[in-house]
Amino acid sequence: MQALLYTLAPVLAVVLGAIIASRTKLNPGLVAGLQHLAAGVVFAAAATEILPQVKHEASPSATLIGGAAGVATMLGLKAFEARFKGPMALLAAIGIDILVDGLVLGLAFVAGEKAGFLLTIALTLEVLFLGLTLTDELAETYRSRLRIIVIVSALALLLPIGALAAVPVATLSPVMVAGFLSFGLMALLYLVTEELLVEAHEKPDTPLISSMFFVGFLALLTLEEIMG
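- In the annotation of an unreviewed UniProt entry, the entry for the chain reads Transporter, and the organism field reads Sphingomonas aracearum.

Have a look at this one:
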């Protein structure tokens, strides 16, 4: 239930991103800087909260199997996006992406309340850009801004569904939990390296924009230290 309540923040972020993108065109440099910031925050959450939990169980088989499943899932999603075109294929791919985000957030709460809270911050920033990007792409197919916002908002509801799917994991053995957390870790690293940073580098880049990655990383690291 706690994880479900926390998903309200990223759900609202998706909707907010859709509303902003439907009403204004953001400066590319600003977007790139914020994407670097989000990437740094997500990377820090993965490194400080998820990775230690995986290493704590010291189970190479669980780490390997869970991690391999995570990589296969994200690469499979990328292959799906590349093979199938059109608005329905786009919505299906983004829907799966959001569902996986929700699952990873739910898994973070299995690791602990602090891990879940910090990952909520990270994924809220990440899905904000998902809402922005999806709205821009749907605008090429649909003329109604309201229709686009409704579609994006409906997809955002997959976040709490994904979080609920992680609830049974809490009842499994510690080794099995470590395997699922390894899955989540790989998914988060994929989001940083193959989505946020790749999209950010498609825009004009400057040292200031690149530095935002480290600002985001250090900000979450500092928050984690303050929370103890």
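From this point, the discussion proceeds with the structure in view.
A few points about the overall build of the chain
Piece 1. A count of helical and extended segments in the chain gives 10 helices and 0 strands.
Piece 2. Going residue by residue from the N terminus, the α and β elements of the chain occur as α-α-α-α-α-α-α-α-α-α.
Piece 3. Radius of gyration (C-alpha) of the chain: 17 Å, near the 17 Å computed for a compact globule of 228 residues.
Piece 4. Once the C-alpha set of the chain is aligned to its principal axes, its extents read approximately 50 × 35 × 30 Å.
Piece 5. Each of the 228 residues in the chain was classed as buried or not, and the buried ones make up 47%.
Piece 6. Excluding contacts between residues fewer than 6 apart, the proportion of contacts in the chain whose partners are at least 24 apart in sequence is 86%.
Piece 7. For the chain, the computed accessible surface area is about 11,000 Å², with 71% contributed by carbon and sulfur atoms.
Piece 8. Charge centroids of the chain, computed over 11 positive and 17 negative side chains, lie 11 Å from each other.

Things to note about the UniProt feature "transmembrane region" (unreviewed entry) in the chain
Piece 1. With numbering matched to this structure, UniProt assigns "transmembrane region" (unreviewed entry) to residues 58–77, 89–109, 115–134, 146–169, 175–193 and 205–223.
Piece 2. The distance separating the terminal C-alpha atoms of residues 58–77 is 29 Å; by composition the span is 90% helix and 0% strand.
Piece 3. Annotated as 79% helix and 0% strand, the span residues 146–169 places its first and last C-alpha atoms 38 Å apart.

Digging into the environment of V177
Piece 1. Within the element layout of this structure, V177 appears in helix 9 (residues 174–200).
Piece 2. On the accessibility criterion, V177 (12% relative accessible area) is buried.
Piece 3. V177 sits 133 residues away from A44 along the chain, and the two C-alpha atoms are 21 Å apart.
Piece 4. Beyond its immediate sequence surroundings of up to four residues, V177 is in contact with V110, V169 and L172.

A closer look at the packing of aromatic side chains
Piece 1. Considering all chains together, one arrives at 5 aromatic pairs under this definition.
Piece 2. Arranged with centres 6.2 Å apart and planes meeting at 85 degrees, the rings of Y6 and F117 form a pair that is edge-to-face. In this pair, Y6 sits in helix 1 (residues 2–6) while F117 sits in helix 6 (residues 113–138), placing the two residues 111 residues apart along the sequence.
Piece 3. Take Y6: its relative accessible area is 23%, and that puts it in the partly exposed class.
Piece 4. The exposure class of F117 is partly exposed, given its relative accessible area of 28%.
Piece 5. Taking 5.2 Å as the distance between ring centres and 80 degrees as the angle between the ring planes, the aromatic pair formed by F213 and F214 counts as edge-to-face.
Piece 6. Relative accessible area serves as the criterion here: at 14%, F213 is assigned to the buried category.
Piece 7. Through pairs of rings, three or more aromatic residues link up here, namely F43, F213, F214 and F217.

As for the environment of V31
Piece 1. Examined against the element boundaries, V31 turns out to sit in helix 3 (residues 28–57).
Piece 2. Residue classification places V31 among the buried residues on the basis of a relative accessible area of 12%.
Piece 3. It is 21 Å that separates the C-alpha atoms of V31 and I148, two residues lying 117 residues apart in sequence.

Focus on the packing of helix 6 against helix 7 (residues 145–156)
Piece 1. Put simply, helix 6 and helix 7 touch, their axes get as near as 10 Å, and they point 140 degrees apart. In terms of axis orientation, helix 6 runs oblique to helix 7. As helix 6 packs across helix 7, the resulting crossing turns out to be right-handed. Only I148, I151, V152 and L155 of helix 7 make contact with helix 6, whose side of the interface consists of G131, L134, T135 and L138.
Piece 2. Looking at the contact of helix 6 with helix 7 residue by residue, the class counts come to 6 nonpolar, 2 polar and no charged.

Definitions and cut-offs
Residues numbered from 1 in each chain as written. Predicted model: local features only at pLDDT ≥ 70, side-chain atom pairs only at ≥ 80, totals over all residues. Heavy atoms only, no water. Helix = DSSP H or I, 4+ residues; strand = E, 2+ residues; numbered from the N terminus. Rg over C-alpha atoms; globule rule 2.2 N^0.38 Å. Buried < 20%, exposed > 50% of the residue type's maximum accessible area, 1.4 Å probe, protein only. Contact = heavy atoms within 4.5 Å. Areas by Shrake-Rupley, 256 points an atom, 1.4 Å probe, with all protein chains shown as cover. Lys, Arg positive; Asp, Glu negative; His and termini not counted. Charge placed at Lys NZ, Arg CZ, Asp CG, Glu CD. UniProt positions renumbered as here; feature names shortened; annotations may be inferred. Phe/Tyr/Trp six-rings, centres within 6.5 Å; stacked < 30°, edge-to-face > 60°. Axes fitted to C-alpha atoms, helices over the stretch in contact; angles between N-to-C directions. Parallel < 35°, antiparallel > 145°, perpendicular 65-115°, else oblique. Left-handed = near helix turned anticlockwise from the far one by under 90°. Nonpolar A, V, L, I, M, F, W, Y, C, P; charged D, E, K, R; others polar.

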